[in-house]
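Commentary on secondary and tertiary structure
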Amino acid sequence: MREYNVAVVGATGVVGTEMISTLERRNFPVKEIILLASERSLGRELTFRGRDYPVRVLNEDSFKGVEIGLFSAGGSISQRFAPVAAKEGCVVIDNTSAFRMEPDIPLVIPEVNPEDIRAYGTRRIIANPNCSTIQMVVALKPIYDVVGIKRIVVSTYQAVSGTGKDAIEELVGQTKALLTLKEVETKVYPHRIAFNCLPHIDVFLDNGYTKEEMKMVNETRKILKTPSMAITATTVRVPVFYGHSESVNIETERKITPDEVREILSNAPGVTVIDNPDLSEYPLASDAAGKDDTFVGRIREDESIPNGINMWIVADNIRKGAALNAVQIAEILIKENYLD
């Protein structure tokens, strides 16, 4: 099998380190791995397949000979360096929001729209959707294919790892402080996150929604190619380390029963159904953490409308919501000979 030179941009971050471990865990055909980050990480080493690799400082010359670039270092970094990498012949798989809504850049979930990968064109960039969008659409696309979906109402309960290492440390520190009756420091979030829920992810927009909420709306429409689908979202940060949870209500075009939904999802790629309320069996963030699949449960009819279904969707936001999705895209690039 041919091997490829792969660069990981933002290699020392939460998602970057998960990308490295995902490449190793899935036995991706890596010839050379190039680990890139800011000057703050200079001198660090990261392990890949039992060997320590130095972290290099990201610059304009970092992508010579690189064939696949996995980017997760922030939108401004991607906007600056993704075109640089593409100019060198690299195909960039970008985990930030920098390019997601650009019409000539595919926004891809491999279980949902893998055929769009080939459309990376001359820009040579493929966008990873938002973590909360990924798990929701993985679960909804199989239902959409069978009965259609008219409307989606989603409320999310998102882990602090989605914000990064500083947020994880803040939750740890605040929890310790509260339990030992010490003063709580708040730096990452506008309010205390420990033992709290913050209905505020990303910045507020003029329409009263947050940017995170509108990402879910706009990205879902683009991925499903349904620009007029009715979607509304409320996104909430909760004191959980890993694993986003979502309460999702859908109104379908045609009637479908909860049993039919369970059967559809039980046969869907990347989905595991856990739905036995009598035994208190339903998806939990703590169980999804460290797993590749998207988990669905609490499937029930919405009795307030004729064609309504409620469900609970959980996934590891760092794995399927970021690193795994990107590596899966890279795997399809190779399998389908989309690299040129």
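Presented here is a report on the structure given in the accompanying data block. Since this is a predicted model, take the numbers as computed values, not measurements.

Mapped onto the secondary structure, glutamine 135 falls in helix α3 (residues 131-147). Setting aside chain neighbours within four positions, we find glutamine 135 in contact with His244, Ser245, Glu246, Thr294, Ile313, Val314 and Ala315. A polar contact is formed between the side chain of glutamine 135 and the backbone oxygen of isoleucine 313, at a distance of 3.2 Å.

At a minimum axis distance of 8 Å, the contact between α3 and helix α8 (residues 319-335) shows a crossing angle of 85°. Relative to α8, α3 is oriented roughly perpendicular. Across the interface between the two elements, Cys131, Ile134 and Val138 from α3 touch Lys320, Gly321 and Asn325 from α8. Each residue belonging to the contact of α3 with α8 can be placed in one class, and the counts come to three nonpolar, two polar and one charged.

Let's shift gears to the pattern of salt bridges. On inspection of all chains with the given rule, the structure shows 22 salt bridges. Its salt-bridge partner being glutamate 88, residue lysine 64 comes within 3.4 Å of it at the nearest N-O pair. Placement of the pair is lysine 64 in the loop between β4 (51-57) and β5 (68-71) and glutamate 88 in the loop between α2 (75-87) and β6 (91-94), with a sequence separation of 24 residues. The class of lysine 64 is exposed, set by a relative accessible area of 54%. Linking lysine 187 and glutamate 185 is a salt bridge whose minimum nitrogen-to-oxygen distance equals 3.8 Å. Each member of the pair lysine 187 and glutamate 185 is classed as exposed.

This part covers the side chain of serine 62. Position of serine 62 relative to the elements: it lies in the loop between β4 and β5. Taking relative accessible area as the criterion, serine 62 reaches 10% and is therefore assigned buried. A distance of 2.9 Å separates a polar side-chain atom of serine 62 from the backbone nitrogen of asparagine 59. If we skip the residues at most four places from it in the chain, serine 62 touches Leu36 and Val57.

When its volume is computed, the largest pocket comes out at roughly 1,300 Å³. In terms of lining, the largest pocket is formed by 48 residues, of which the most central are Ser72, Ala73, Gly74, Gly162 and Thr163. If you list the elements that add at least two residues to the lining of the largest pocket, you get α1 (14-25), β2 (30-37), α2, α5 (211-224) and α8. Residues belonging to the lining of the largest pocket are distributed by class as follows: 18 nonpolar, 21 polar and nine charged.

Ordered in space as β9-β8-β10-β13-β12-β11, the six strands form an open sheet in which the pairing is mixed. The strands lining the two open edges of the sheet, one partner per strand, are β9 (230-237) and β11 (271-273). Between one strand axis and the next, the sheet turns through 25° on average, direction left out of account. Bridging between strand β10 (residues 244-252) and strand β13 (residues 308-315) involves eight bridges; their strand directions are antiparallel. The residue bridging valine 248 from the neighbouring strand is methionine 311, located in β13. Set on the sheet, α3 makes contact with β8 (149-158), β10, β11, β12 (294-302) and β13; between it and β10 the angle comes to about 25°.

Turning to α8, a few remarks are in order. Its 17 residues place the ends of α8 only 21 Å apart at the C-alpha level, less than the 24 Å of an ideal helix rising 1.5 Å per residue. Approximately 35° is the largest bend angle found in α8, and it occurs at asparagine 325. Counted residue by residue, α8 has 15 buried out of 17 residues, so it is predominantly covered. Directly beyond the C-terminal end of α8, a positive phi value near 55° is found at asparagine 337.

Its place among the elements puts glycine 69 in strand β5. Residues glycine 69 and alanine 326, 257 residues apart in the sequence, show an inter-C-alpha distance of 9.8 Å. If we skip the residues at most four places from it in the chain, glycine 69 touches Ala7, Cys90, Val91, Val92 and Ile93.

With that out of the way, let us pick up the packing of aromatic side chains. Considering all chains together, one arrives at three aromatic pairs under this definition. Aromatic side chains tyrosine 157 and tryptophan 312 sit 5.5 Å apart centroid to centroid with 45° between the ring planes, which places their arrangement in the tilted category. Highlighted residues: tyrosine 157 in strand β8 and tryptophan 312 in strand β13, separated in sequence by 155 residues.

For sheets, the rule is that strands pair by backbone hydrogen bonds, running either parallel or antiparallel. Taken in spatial order, the seven strands of this open sheet run β3-β4-β2-β1-β5-β6-β7, and their pairing is mixed. Of all strands in the sheet, those with a lone pairing partner are β3 (45-48) and β7 (125-127), marking the two edges. Between one strand axis and the next, the sheet turns through 25° on average, direction left out of account. Pairing geometry for β6 and β7, over three bridges, is parallel.

About the cut-offs
- Residues numbered from 1 in each chain as written.
- Predicted model: local features only at pLDDT ≥ 70, side-chain atom pairs only at ≥ 80, totals over all residues.
- Heavy atoms only, no water.
- Helix = DSSP H or I, 4+ residues; strand = E, 2+ residues; numbered from the N terminus.
- Contact = heavy atoms within 4.5 Å.
- Polar contact = N/O pair within 3.5 Å; in protein donor to acceptor, adjacent residues only side chain to side chain.
- Axes fitted to C-alpha atoms, helices over the stretch in contact; angles between N-to-C directions.
- Parallel < 35°, antiparallel > 145°, perpendicular 65-115°, else oblique.
- Nonpolar A, V, L, I, M, F, W, Y, C, P; charged D, E, K, R; others polar.
- Salt bridge = Lys/Arg side-chain N within 4 Å of Asp/Glu carboxyl O.
- Buried < 20%, exposed > 50% of the residue type's maximum accessible area, 1.4 Å probe, protein only.
- 1 Å grid on protein atoms, 1.4 Å probe; cavity = no way out; pocket = protein on both sides within 12 Å on 5 of 7 lines; lining within 4 Å.
- Points joined across faces, edges and corners; volume = space filled by probe spheres on them.
- Pairing = 2+ DSSP bridges.
- Expected span 1.5 Å × (residues − 1).
- Bend = angle between axes of the 7 residues up to and from the residue.
- Phe/Tyr/Trp six-rings, centres within 6.5 Å; stacked < 30°, edge-to-face > 60°.

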